[in-house]
Amino acid sequence: MDASDLLPISTWLRAVLWGFVAGVGLPAGAAAALTGRFHHRGVARMMALGSGLLLGVVSIQFTLEAQRRSGVARATLALLVGAALFSGINLWLSRRGAENRKRCGECVAQPTEAREPGSGHAIAIGTLVDALPEGLVLGVAVARGMAPALTVVLALFFANVPEALSATAGMIAAGRSRRYVLALWTGALTITPAAAVLGAVLLTASPPAVEGMLEAFSAGVLFVMAAETMIPEAFERAPAFSGAIAVLGFASIVALAAL
């Protein structure tokens, strides 16, 4: 059996397309950091908006849909498993130098390779892992024969921009080379479409309950990613109106989902 037997070519292409559209926010944010100078206050506010968008789509789009498809108990269990798994991975990475991988460097510095040897590899692994759950949830929609909700695609794209912008600024401040930065975000951009294809493959002809559990699992991962890697940057030194900006992102998802 070859790949085309598992998944029609058109489905492969749709999964790759939606993964690319959502993931392209990463190199966009990195390019902005490489070509311009951003101070912590501006980065923090953008990160607050991105956090609000991500938390909104996790709660309104992913978790509620997962509960509808797989039931409250199974969706809640999958949500908690995803959260615990990512939190454990993030702890492991943090002990190897990737704790501050999304910090802009002005408020909290990322480690240099000289100070923490191997931190570059840990940051790379963490960045690639961060891109996985987005692709998986896009693959869920593709497996259903549908396009992902516009709300989901927009939220993931616009949340990715400040993530990459802040992380890239911190990497450059820590002395990472442009080659390292470009290779890292290129790799992350390939992970999201690949994960979307994987999600579509895993869920082709799967019952709705399984789809819902994978969606809830990915939601748990994304929630913890926002809480542990984005929100600390967003609220470091408490920039004015950061909380309101986060709510603006959340409210935008609520409004779009209701249309």
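Residues numbered from 1 in each chain as written. Predicted model: local features only at pLDDT ≥ 70, side-chain atom pairs only at ≥ 80, totals over all residues. Heavy atoms only, no water.

Caption draft 1: Local environment of helix 10 (residues 242-258). Taking 1.5 Å per residue, 17 residues should reach 24 Å; helix 10 reaches 25 Å between its end C-alpha atoms and fits that length. For helix 10, every residue scored as buried is listed here: Ser242, Ile245, Ala246, Gly249 and Ile253. For helix 10, the arc enclosing every buried residue in end-on projection is 110 degrees, short of the 170-degree limit, so these residues lie on one face. Exposed and facing more than 90 degrees away from the buried side of helix 10 are Val247, Leu248 and Ala258. (Helix = DSSP H or I, 4+ residues; strand = E, 2+ residues; numbered from the N terminus. Expected span 1.5 Å × (residues − 1). Buried < 20%, exposed > 50% of the residue type's maximum accessible area, 1.4 Å probe, protein only. Arc of directions from axis to C-beta.)

Caption draft 2: How the structure looks around empty space enclosed by the protein. The full count for this structure, using the stated rule, is one cavity of 30 Å³ or more. Its volume calculated, the largest cavity comes out at about 70 Å³. Leu26, Lys102, Thr127, Asp130, Ala131, Glu134, Asn160, Glu163 and Trp185 are the residues that line the largest cavity. With four residues, helix 6 (residues 119-143) is the largest single contributor of residues to the lining of the largest cavity. Residues that form the lining of the largest cavity fall into these classes: three nonpolar, two polar and four charged. (1 Å grid on protein atoms, 1.4 Å probe; cavity = no way out; pocket = protein on both sides within 12 Å on 5 of 7 lines; lining within 4 Å. Points joined across faces, edges and corners; volume = space filled by probe spheres on them. Nonpolar A, V, L, I, M, F, W, Y, C, P; charged D, E, K, R; others polar.)

Caption draft 3: Seen up close, helix 4 (residues 40-70). Between the first and last C-alpha of helix 4 there are 42 Å, a value that for 31 residues agrees with the 45 Å anticipated at 1.5 Å per step. Where helix 4 bends most, at Val58, the angle is about 30 degrees. Of the residues flanking the end of helix 4, it is Gly71, one or two places downstream, whose phi is positive at about 95 degrees. (Bend = angle between axes of the 7 residues up to and from the residue.)

Caption draft 4: Structural context of a nonpolar patch on the surface. Residues Leu150, Leu154, Phe158, Leu256 and Leu259 make up a contiguous nonpolar surface patch of roughly 530 Å² in combined accessible area. Looking at where Leu154 falls in the secondary structure, it is placed in helix 7 (residues 150-173). (Patch = residues over 30% accessible without salt bridge, like charges linked within 9 Å, V, L, I, M, F, W, Y side chains within 5 Å. Areas by Shrake-Rupley, 256 points an atom, 1.4 Å probe, with all protein chains shown as cover. Salt bridge = Lys/Arg side-chain N within 4 Å of Asp/Glu carboxyl O.)

Caption draft 5: Up close: unusual backbone geometry. The backbone of Arg237 shows a phi angle near 65 degrees, a positive value even though the residue is not glycine. Assignment of secondary structure puts Arg237 in the loop between helix 9 (208-235) and helix 10. Owing to a relative accessible area of 55%, Arg237 belongs among the exposed residues under this scheme. Although it is not a glycine, Ala238 adopts a positive phi angle of roughly 45 degrees. Relative to the elements of secondary structure, Ala238 occurs in the loop between helix 9 and helix 10.

Caption draft 6: Here's a closer look at the side chain of Asn160. Tracing the backbone through its elements, the reader meets Asn160 in helix 7. The exposure class assigned to Asn160 is buried, which follows from its relative accessible area of 1%. Within the local environment of Asn160, its side chain forms a polar contact with the backbone oxygen of Ala22, the two atoms lying 2.9 Å apart. Filtering out sequence-adjacent residues up to four positions away, Asn160 remains in contact with Ala22, Gly23, Gly25, Leu26 and Glu134. (Polar contact = N/O pair within 3.5 Å; in protein donor to acceptor, adjacent residues only side chain to side chain. Contact = heavy atoms within 4.5 Å.)

Caption draft 7: Representation of the environment of Ala141 within the structure. When you line up the elements, Ala141 lands in helix 6. Assessed through its relative accessible area of 10%, Ala141 is described here as buried. A C-alpha to C-alpha distance of 9.2 Å links Ala141 and Ala196, two positions 55 residues apart in sequence. Residue contacts for Ala141: discarding those within four places in its chain leaves Met146, Ala147 and Pro148.

Caption draft 8: Region of the structure containing the environment of Ala205. Within the element layout of this structure, Ala205 appears in the loop between helix 8 (178-203) and helix 9. Ala205 sits in the exposed class, given a relative accessible area of 80%. Once the C-alpha coordinates of Ala205 and Arg144 are considered, the two residues, 61 residues apart in sequence, prove to be 8.5 Å apart.

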